Amino acid sequence: MNSYVYAAVRTPFGRFNGGLAGIRPDDLGAAAISALLARTPGLDPAALGDIVWGNANGAGEDNRNVGRMAALLAGLPVGVPATTVNRLCGSSLDAVMAGSRTVETGDADLVLTGGVESMTRAPWVLPKPDRAFPAGDTAAVSTTLGWRLVNPRMPKEWTVSLGEANEQLQERFGISRARQDAFAARSHQLAHQAWEDGFYDDLVAPVDGTDLTRDEGIRPGSTPDQLAGLRPVFRDDGTITAGNASPLSDGASAVLLGSEAAADTLGSAPLARIAGRAAHALEPQSFGFAPVAAAEAALARAGIGWSDVGAVELNEAFAVQSLACVDAWKIDPEIVNRRGGAIALGHPLGASGGRLVGTLAAVLRESRERWGVAALCIGVGQALAVVLENPEAAR
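> Is there a simple way to explain the packing of aromatic side chains in this structure?
For any pair of aromatic rings, the description consists of the separation of the ring centres together with the inter-plane angle of the planes. Taken as a whole and judged by the stated rule, the model has 5 aromatic pairs. Ring centres of Phe 173 and Phe 289 lie 4.8 Å apart, and the angle between their planes is 35°; this geometry places the pair in the tilted category. Of this pair, Phe 173 sits in helix α4 (residues 162-173) while Phe 289 sits in the loop between β9 (272-281) and α8 (291-302); the two residues are 116 residues apart in sequence, bridging distant segments of the chain. Assessed through its relative accessible area of 15%, Phe 289 is described here as buried. Ring-pair connections join several aromatic residues into one group, and the members of that group are Trp 195, Phe 199 and Tyr 200. The ring of Tyr 200 carries the charged tip of Arg 10 above its face, separated from the ring centre by 5.1 Å. Of note, Arg 172 hangs over the ring of Phe 289, and the distance from its end group to the ring centre comes to 5.0 Å.

Written out as C-alpha cells, the structure is:
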C-alpha cells in the first residue's frame, strides 16, 4: 500500500522575538491544524486515524504531548489520538515518515502530521540539585537551541556548538566564505520572488491575532557584498555569520497523509506520493553532512537515482553544510531550494520538515518534474530524507 500527501499548510515563520512571539507553541500548532482543515473541506476530522506531531524542545508551553494539545485547541474531536515525536530539527519530517508508515501498514487511511516550535518562548530551566537545598546560586539554562545540561561523560568533541561543528565542516571541505554568502543571498532573493509570484499563497496561512502574513526573516535586498561585511560568530577567523546561517524562528506546519482510497473520502487527488524514506547518523559534530547518505538511501529505496531528481528541498541550517551536501551529491545547485530556503524563510526546529514536504510537493507540481527529495540535518549527528513522486508527472 502507498501513502500520499493530500494537503500541506504552514504558518508564516516569525523571527525570534518577532511577529509570532506572543503566540504559545500549542496555539501555533492549533493554528496550522485549523488552517489545514479549512483548506481541506472534504476532510471529516473524525476520520483521522492518528496525529503525529513534531517538536524539538518540549520544555515549556509545548510540554506534555503538544500534538495532542494542539489538536484539542484546534477543536478536533476528542476521539482523535495524537503523539509528539522529537528528532530535534527533523521532528516534523520524522512525523511525516511515521505517519506514512501508519498509512502503508493499513493502520489508518488518514493521518495528520506536522510540527511546531516557538524558539522565542522556549524557557530557561533550572536543573534539580543533586541534594536538597544547596547553598549558593543556581544558573538558569536556555532551551532555545543546542546542547544543554550536558552529561559530563560525553566526549568534548561531540558537544561543540552547532556553529563550531560547521566551522569544522568548512575546514574539512574548504568551502569559502564567499560561496556561503552567495548561497545565502540567493536564498533571500528566491524566497522574496516566490512570495511576489504568489507561490506561497496556498501554502501559508496567517495566525489569528497577529499581523504577520509573510515569512519575517526575508531580506529581499541581500547581496553577497552586503553579507561579506558581517562578522563571524563562532570563531574570530571563521566563515559563519548571522547572514549565512538560519535564524532562530517561530512557526508551525501541517501535512495531511492518506491512502490511495482516501482520495474518494476527501474528494481530491493527492499532491505527491511518499516514495522513499531514510535516516542516517554520524558523529554528533558531523551532523551537517549527514543528509548526504540519508538522501542516497531514500533514493535507493524509491528505486531511482540523482539523475531522475528534478527538485530538492534541503533545509539550510547553515550555508556551509548545505553546500557540502550539494557538492557531495554532484547535482545542479539550481534545482535546490528554488523558492528559497531556511536562511531566508526561517527554521523553527519542529516545523521545518513539514515545510520542506509541502514546498517540495508544490515545486514538483509547478515544474512538472516527477521526482523530488526533501532532506535536513539534525543536531547530534543525524539526518532524514524523503523522496516524493508527483502523480501527475508519473502518468
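What follows continues from the structure just given.
> So what exactly am I meant to see when it comes to the packing of helix α1 (residues 25-38) against helix α2 (residues 66-73) here?
When two helices pack together, their arrangement is given by the angle between the helix axes and by the axis-to-axis distance. In contact at an axis separation of 8 Å, α1 and α2 are set at 60° when each is read in the N-to-C sense. The orientation of α1 with respect to α2, classified from their angle, is oblique. Read as a crossing pair, α1 and α2 show a hand that is right-handed. Between α1 and α2, the contacting residues are Pro 25, Asp 26, Asp 27, Gly 29, Ala 30 and Ile 33 on the first element and Val 66, Met 69, Ala 70, Ala 71 and Leu 73 on the second.

> Would you explain the nonpolar core in this entry?
Nonpolar side chains tend to gather and get buried jointly when the protein is soluble and globular. Of all hydrophobic cores here, the largest spans 46 residues; its most connected members are Trp 306, Val 312, Trp 329, Val 373 and Val 387. Counting residues per element, the ones that place at least two in this core are α4, α5 (177-197), β9, α8, β10 (309-314), α9 (319-329), β11 (371-378) and β12 (382-389). Top contributing element to this core by residue count: α9, with 7 residues. Apart from residues lying up to four places away in sequence, Trp 329 is in contact with Pro 291, Val 292, Ala 295, Glu 296, Trp 306, Val 312, Leu 314 and Ala 375.

> What's the story with α1 in this structure? I'm lost.
Two residues of an α-helix separated by three or four positions point the same way, owing to the 3.6 residues in each turn. Helix length check: α1 (14 residues) gives 20 Å between terminal C-alpha atoms against 20 Å at 1.5 Å per residue, within 8%. Most of α1 sits inside the fold, with 11 of its 14 residues counted as buried. On its buried side, α1 packs onto β1 (4-10), β3 (50-54), α2, β5 (110-118) and β8 (249-258).

> Help me out: how do you make sense of the side chain of Asn 244 in this one?
Here Asn 244 is to be found in the loop between α6 (224-228) and β8. Of the polar contacts made by the side chain of Asn 244, one reaches the side chain of Asp 181; its length is 3.0 Å. Looking at Asn 244, its side chain comes within polar contact range of the main-chain nitrogen of Thr 241, at 2.9 Å.

> It is not clear to me how α2 should be interpreted in this structure. Could you clarify?
Listed as buried for α2 are Val 66, Gly 67, Ala 70 and Ala 71. Seen from one end, α2 has its buried residues packed into an arc of 140°, which puts them on one side. Contacts from the buried residues of α2 go to α1, β3, β4 (82-85) and β5. Just downstream of α2, Gly 75 is the residue with a positive phi angle, here 85°.

> I would appreciate a short explanation of a nonpolar patch on the surface in the present structure.
The grouping of Val 150, Met 154 and Trp 158 at the surface amounts to a nonpolar patch, some 230 Å² of accessible area in total. Topologically, Met 154 is positioned in the loop between β7 (141-142) and α4.

> So what exactly am I meant to see when it comes to the pattern of salt bridges here?
Side chains bearing opposite charge may pair, as long as their charged atoms lie close to each other. Applying the stated criterion across every chain yields a total of 15 salt bridges. Between Arg 179 and Asp 327 there is a salt bridge; the shortest N-O distance is 3.0 Å. Taken as a pair, Arg 179 in helix α5 and Asp 327 in helix α9 lie far apart in primary sequence, 148 residues in all. Notably, a salt bridge pairs Arg 370 with Glu 389, separated by 2.7 Å at the nearest N-O pair. With Arg 370 in the loop between α11 (352-367) and β11 and Glu 389 in strand β12, this pair connects stretches of sequence that are 19 residues apart.

Scoring rules and cut-offs
- Residues numbered from 1 in each chain as written.
- Predicted model: local features only at pLDDT ≥ 70, side-chain atom pairs only at ≥ 80, totals over all residues.
- Heavy atoms only, no water.
- Phe/Tyr/Trp six-rings, centres within 6.5 Å; stacked < 30°, edge-to-face > 60°.
- Helix = DSSP H or I, 4+ residues; strand = E, 2+ residues; numbered from the N terminus.
- Buried < 20%, exposed > 50% of the residue type's maximum accessible area, 1.4 Å probe, protein only.
- Lys NZ or Arg CZ within 6 Å of the ring centre and 35° of its normal.
- Axes fitted to C-alpha atoms, helices over the stretch in contact; angles between N-to-C directions.
- Parallel < 35°, antiparallel > 145°, perpendicular 65-115°, else oblique.
- Left-handed = near helix turned anticlockwise from the far one by under 90°.
- Contact = heavy atoms within 4.5 Å.
- Core = buried A, V, L, I, M, F, W, Y, C linked by side-chain atoms within 4.5 Å.
- Expected span 1.5 Å × (residues − 1).
- Polar contact = N/O pair within 3.5 Å; in protein donor to acceptor, adjacent residues only side chain to side chain.
- Arc of directions from axis to C-beta.
- Patch = residues over 30% accessible without salt bridge, like charges linked within 9 Å, V, L, I, M, F, W, Y side chains within 5 Å.
- Areas by Shrake-Rupley, 256 points an atom, 1.4 Å probe, with all protein chains shown as cover.
- Salt bridge = Lys/Arg side-chain N within 4 Å of Asp/Glu carboxyl O.

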